[in-house]
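Structural overview for review
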Amino acid sequence: MTALVEPLGFESSSLRLKSEVVDAIEALGGRERIQLIHDTFHHHLAGESEILTACAGIVHVSGVGSRQLSLRPMRDHRRSLVGEDDMIGNIKQLDSLQSSGYPRTVSFEAFSPVVHAMCDPTQKLVGSMDLTRSKLVGKSA
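Let us look at the structure shown here. If you're wondering where the values come from, they're calculated on a predicted model, not measured in any experiment.

1. Some remarks on the pattern of salt bridges
- Summed over the entire model, instances satisfying the criterion amount to 7 salt bridges.
- With its nearest N and O atoms 2.7 Å apart, the salt bridge here joins Arg79 to Asp39. A residue pair is termed long-range when its members are at least 10 positions apart, and Arg79 in the loop between strand E3 (56-61) and helix H3 (90-99) and Asp39 in strand E2 (residues 34-39) qualify at 40 residues. Exposure class is identical for Arg79 and Asp39. Each is buried.
- Note that Arg79 is salt-bridged to Asp76, the shortest N-O span being 3.2 Å.
- Connected through shared salt-bridge partners, Asp39, Asp76, Arg79 and Glu109 make up one network.

Written as structure tokens, this is what we have:
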């Protein structure tokens, strides 16, 4: 069994930074039992630049497409699929994870009511995954 810890990047969160989680994991000597959730949305909100791949156990991906939003009003209901107008740097984060050897699972977390209301989100999800893959391939080629 592996514990997965997800720091939330909101200013009001009691555990906001991935670096705090990694420090706690190291202090406990728990790298084999405790891993970090790298969430692209929360990473962006927290303003952290370091990716911390070595402790990442899973990656959560969600896109925010409205460039008019500032960081403060961003909440989970804004989290959608990754699109061309992604403002939180999903491709850059995923590229950094890939480049530093992250071999594990990436999951999409689209909490937006717009996504939840789709009768059949398959086409939109596949489109978002294809766009993400094509951007990553383009960066490493």
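2. With respect to the sheet that holds E2
- Overall, parallel pairing links the 4 strands, which are arranged E1-E2-E3-E4 in an open sheet. Each end of this open sheet is capped by a strand with a single partner; those strands are strand E1 (3-5) and strand E4 (106-108). Ignoring which end each strand starts from, the neighbouring axes of this sheet average 30° apart.
- In this sheet, E2 lies alongside E1 in parallel orientation, the contact comprising 3 bridges. Among the inter-strand pairings, Val5 is bridged to a residue of E2, identified as Leu36.

3. Describing the nonpolar core
- Listed in full, the 12 residues of the largest apolar core are Ile37, Ile51, Ala56, Ile58, Val59, Val61, Val82, Ile91, Leu94, Leu97, Tyr102 and Leu136.
- Of all the secondary-structure elements, those providing two or more residues to this core are E3 and H3.
- Tallying contributions element by element places E3 first for this core, with 4 residues.
- When neighbours within four sequence positions are excluded, Leu136 is seen to be in contact with Ile91, Leu94, Asp95 and Gln98.

4. Observations regarding the packing of aromatic side chains
- Summed over the entire model, instances satisfying the criterion amount to 1 aromatic pair.
- Measuring from centroid to centroid gives 6.2 Å for Phe10 and Phe41, while their planes differ by 70°, and the two rings are edge-to-face. Of this pair, Phe10 sits in the loop between E1 and helix H1 (18-28) while Phe41 sits in helix H2 (residues 40-46), and the two are 31 residues apart along the sequence.
- A residue is classified by how much of its surface remains accessible, and Phe10, at 11% relative accessible area, is buried.
- For Phe41, a relative accessible area of 0% puts it in the buried group.

5. A closer look at unusual backbone geometry
- Of note in this structure, Leu52 is not a glycine but carries a positive phi near 60°.
- Here Leu52 is to be found in the loop between H2 and E3.
- On the accessibility criterion, Leu52 (17% relative accessible area) is buried.

Cut-offs applied
Along each chain, the written sequence defines residue order, and numbers are assigned to residues from 1. Note on the predicted model: pLDDT of at least 70 is required for a residue's local features to be given, and 80 or more for side-chain atom pairs to be given and counted; whole-chain, interface and lining totals, by contrast, use all residues. Each side-chain value is derived from all of the structure's non-hydrogen atoms; neither hydrogens nor water enter the calculation. A pair is scored as a salt bridge if a Lys or Arg side-chain nitrogen falls within 4 Å of a carboxyl oxygen belonging to Asp or Glu. Counting from the N terminus, the helices are the DSSP runs of H or I reaching at least four residues and the strands are the DSSP runs of E reaching at least two. Using a 1.4 Å probe on the protein chains alone, a residue whose accessible area is under 20% of its type maximum counts as buried, one over 50% counts as exposed, and one in between counts as partly exposed. DSSP calls a pair of strands paired once it identifies at least 2 bridges connecting them. Angles run from 0 to 180 degrees between N-to-C directions of axes, and those axes are lines fitted to C-alpha atoms, restricted for helices to the stretch in contact. Side-chain atoms within 4.5 Å are what join buried Ala, Val, Leu, Ile, Met, Phe, Trp, Tyr and Cys residues into a set we call a nonpolar core. Contacts between residues were defined by any pair of non-hydrogen atoms, one from each residue, lying within 4.5 Å. Under the pairing criterion, centres of Phe, Tyr and Trp rings, with the six-membered ring standing for Trp, must be within 6.5 Å; the plane angle then separates stacked pairs below 30 degrees from edge-to-face pairs above 60, leaving the rest tilted.

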